[in-house]
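# Reading the structure
The primary structure of each chain is shown beneath.
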Amino acid sequence: MFQCDFRNGAWETPSIVPYGTMNLSPAASVLHYGQAVFEGMKAFKDDNGSVWLFRPEQNAARLAASAERLAIPPFPENVFLEGLKKLVALDSDWVKPGTGNSLYIRPFVFASAAGVQASAAKEYRFMIICAPVSSYYGGEVRVKIADHYSRAPQGGTGYAKAAGNYGGQFYPTQLANKEGYQQIIWTDAATHQYIEEAGTMNLFFRIGDTLITAPTSDSILDGVTRKSILDLAKHMGIKTEVRPIEVAELLAAQKSRALREIFGSGTAVVVQPIIGFGYKGENFETPLAQDSYALKLKEALMNIQYNKAADPFGWRVKVCD
Ligand SMILES: *Cc1c(COP(=O)(O)O)cnc(C)c1O
């Protein structure tokens, strides 16, 4: 694991050490006030055994934006990217070959200073840990459109990958699980009329032949997969629209059968088709369309990630051979 401490107003010299537990004061600020942010990314192995990252500079920039929102001092992006490459190269045997297999990478920063004063801490720790993940079938996903609970209010921390954004979702998600939904589609906190995103996925809707996703905002996380899918879709000649989507529009499109596909996008799943949704106790089916955009876009994106196709966007970054 990669680690680096912030003390006396500066980031110290980072190191890479064997994975293991660490000492932390019970008064560490993160345990009391949740001052913590994280990232999620993957490394891929191609058929020649070379290891690649996917748009890592996007994650470095987003971690910096998340840190700023949580009053955490920024970790130098070049040190992050260099440390990340060294760590993944050292662990390259853990990047298993085969499409779908990858090394999941979790960079994170938290307030390590002891002290129960409710203000920004003076000491932090930046770490990167990794774990091999295999290709998995996410199963059939049905979602519930939120009409009561909220994920992120306007002016809040929704655009940041802040630890507390996730802890607050577990309870409403458990309630939705009991009703037979795997995830929640969050709506805007003020009116619950506009679609925002899912727990750790941005959302796409195919209405007719147009692919629609909500604009990012201070309550929607700016997913790297989302922006890559938008670029890929345009490249493949699929019409895209980035605009607010009302729940009412979705229901009307479902009724007129114009709604042909719903899918989520994120590093973990790449693309996750959503085969049904519930709203205020009513259930609707959205079976996978023939000629599915979700599957086409997933394949195109993974072909770039695994070095099986040309990379016209310059997204791949080589770690080692
Ligand atoms: C991480 C995350 C996503 C997806 O972002 P990617 O960069 O595509 O992995 C979407 N929504 C939320 C809330 C997330 O935390």
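### Let's talk about the domain arrangement of the chain
By domain assignment, the chain separates into domain 1 (2–133) and domain 2 (142–305). Each of domain 1 and domain 2 has a C-alpha centre, and these two points are 27 Å apart. Listed by partner, the interface residues are 20 residues for domain 1 and 22 residues for domain 2. Regarding the contact of domain 1 and domain 2, the summed buried area is about 1,700 Å², with carbon and sulfur atoms giving 61% of it. The largest contributions to the domain 1 side of the interface with domain 2 come from Phe54, Arg62 and Arg69, which together make up 35% of the buried area.

### Here we look at the environment of proline 56
In this structure, proline 56 sits in helix α2 (residues 56–69). Note on proline 56: relative accessible area 3%, which makes it buried. Residues contacting proline 56, with those up to four places away along its chain left out, are Met41, Leu81, Leu84 and Val317.

### Some thoughts on the site of the ligand
Surrounding the ligand, one finds 15 residues, the nearest of these being Lys161, Tyr166, Glu197, Thr225 and Thr267. Within the side chain of lysine 161, a nitrogen or oxygen atom sits 2.8 Å from an oxygen atom of the ligand. Within the backbone of valine 224, an N or O atom sits 2.8 Å from an oxygen atom of the ligand. About the coverage of the ligand: the protein hides 97% of its 380 Å² of free accessible area. A class-by-class count of the residues in the shell around the ligand yields four nonpolar, seven polar and four charged.

### Re the packing of aromatic side chains
Evaluated as defined, the whole model comprises 15 aromatic pairs. Summarising the aromatic geometry, the rings of phenylalanine 108 and phenylalanine 110 are spaced 6.1 Å apart at their centres and angled 15 degrees between planes, so their arrangement reads as stacked. The buried category is assigned to phenylalanine 108, whose relative accessible area is 18%. Phenylalanine 110 sits in the buried class, given a relative accessible area of 6%. Within the aromatic cluster, the residues linked to one another by ring pairs are Phe2, Phe6, Trp11, Phe75, Phe80, Tyr124 and Phe126. Lying over the aromatic face of tyrosine 293, arginine 206 brings its terminal NZ or CZ to 3.7 Å of the ring centre.

### A word on the pattern of salt bridges
It is possible for side chains of opposite charge to pair when their charged atoms get near one another. In total, this model carries 16 salt bridges according to the counting rule given. The closest approach of N and O atoms between arginine 125 and aspartate 5, which form a salt bridge, is 2.8 Å. With arginine 125 in strand β8 (residues 124–133) and aspartate 5 in strand β1 (residues 2–7), this residue pair connects regions lying 120 residues apart in the sequence. Taking the relative accessible area as the measure of exposure, arginine 125 reaches 14% and is therefore buried. Residue aspartate 5 is classed as buried on the basis of its relative accessible area, which comes to 14%. Notably, a salt bridge pairs lysine 296 with aspartate 291, separated by 3.2 Å at the nearest N-O pair. Via salt bridges that share partners, Asp5, Arg7, Glu12 and Arg125 belong to a single interconnected network.

### What about the packing of helix α6 (residues 224–235) against helix α8 (residues 293–305)?
In the contact formed by α6 and α8, the axes pass within 10 Å of each other and the chain directions differ by 105 degrees. On the basis of their axis angle, the class for α6 and α8 is roughly perpendicular. Two secondary-structure elements touch here, α6 through Thr225, Ser228, Ile229, Leu232 and Ala233 and α8 through Leu297, Ala300, Leu301 and Ile304. Of the residues belonging to the contact of α6 with α8, the class tally is seven nonpolar, two polar and no charged.

### So, the pairing of strand β7 (residues 102–111)
Extensive coverage of β7 is indicated by the burial of eight of its ten residues. As judged from the three bridges shared by strand β4 (residues 36–38) and β7, these two strands associate in the antiparallel manner. Considered in β7, the bridge of phenylalanine 38 is made with phenylalanine 108. Strand direction decides the pairing type here: strand β5 (residues 41–45) and β7, joined by three bridges, are antiparallel. The residue bridging alanine 43 from the neighbouring strand is leucine 103, located in β7. In this structure, β7 lies alongside β8, joined through ten bridges in antiparallel fashion. If you follow proline 107 over to β8, its bridge partner there is isoleucine 128.

Cut-offs applied
- Along each chain, residue indices are assigned from 1 in the same order as the chain's sequence is written.
- Where local features are concerned, this predicted model is filtered to residues with pLDDT of at least 70; where side-chain atom pairs are given and counted, the filter is 80 or more; whole-chain, interface and lining totals use all residues.
- Working from all heavy atoms in the structure, the side-chain values ignore hydrogens and water.
- As used throughout, domain bounds are those supplied by an automatic or database domain assignment.
- Should any heavy atoms of two residues lie within 4.5 Å, those residues are considered in contact.
- Two parts lose some accessible area (1.4 Å probe) when they are put together, and adding that loss for both gives the buried area.
- Going along the chain from the N terminus, every DSSP run of H or I of four or more residues is numbered as a helix, and every run of E of two or more is numbered as a strand.
- Using a 1.4 Å probe on the protein chains alone, a residue whose accessible area is under 20% of its type maximum counts as buried, one over 50% counts as exposed, and one in between counts as partly exposed.
- Near residues are defined by distance, with any heavy atom within 4 Å of the molecule or strand qualifying the residue.
- Here a polar contact means two N or O atoms within 3.5 Å. Within protein one must be a hydrogen donor candidate and the other an acceptor candidate, and residues neighboring in sequence count only if both atoms are side-chain atoms.
- Only the protein chains shown count as cover for residues, and all accessible areas are computed by the Shrake-Rupley method using a 1.4 Å probe.
- Asp, Glu, Lys and Arg are counted as charged, while Ala, Val, Leu, Ile, Met, Phe, Trp, Tyr, Cys and Pro are counted as nonpolar; the rest, among them Gly, fall into the polar class.
- Stacked, edge-to-face and tilted labels apply to pairs of Phe, Tyr and Trp rings (six-membered ring for Trp) whose centres lie within 6.5 Å, assigned for plane angles under 30 degrees, over 60, and everything in between, in that order.
- Whether a charge sits over a ring comes down to the Lys NZ or Arg CZ being within 6 Å of the ring centre and within 35 degrees of the ring normal.
- Put simply, a salt bridge is a Lys or Arg side-chain nitrogen that is within 4 Å of an Asp or Glu carboxyl oxygen.
- Here the axes come from fitting lines to C-alpha atoms, over the contacting stretch only for helices, and the angles between their N-to-C directions go from 0 to 180 degrees.
- When describing relative orientation, an angle under 35 degrees is termed roughly parallel and one over 145 degrees roughly antiparallel, while 65 to 115 degrees is termed roughly perpendicular and anything else oblique.
- Here, strands pair whenever DSSP counts at least two bridges between them.

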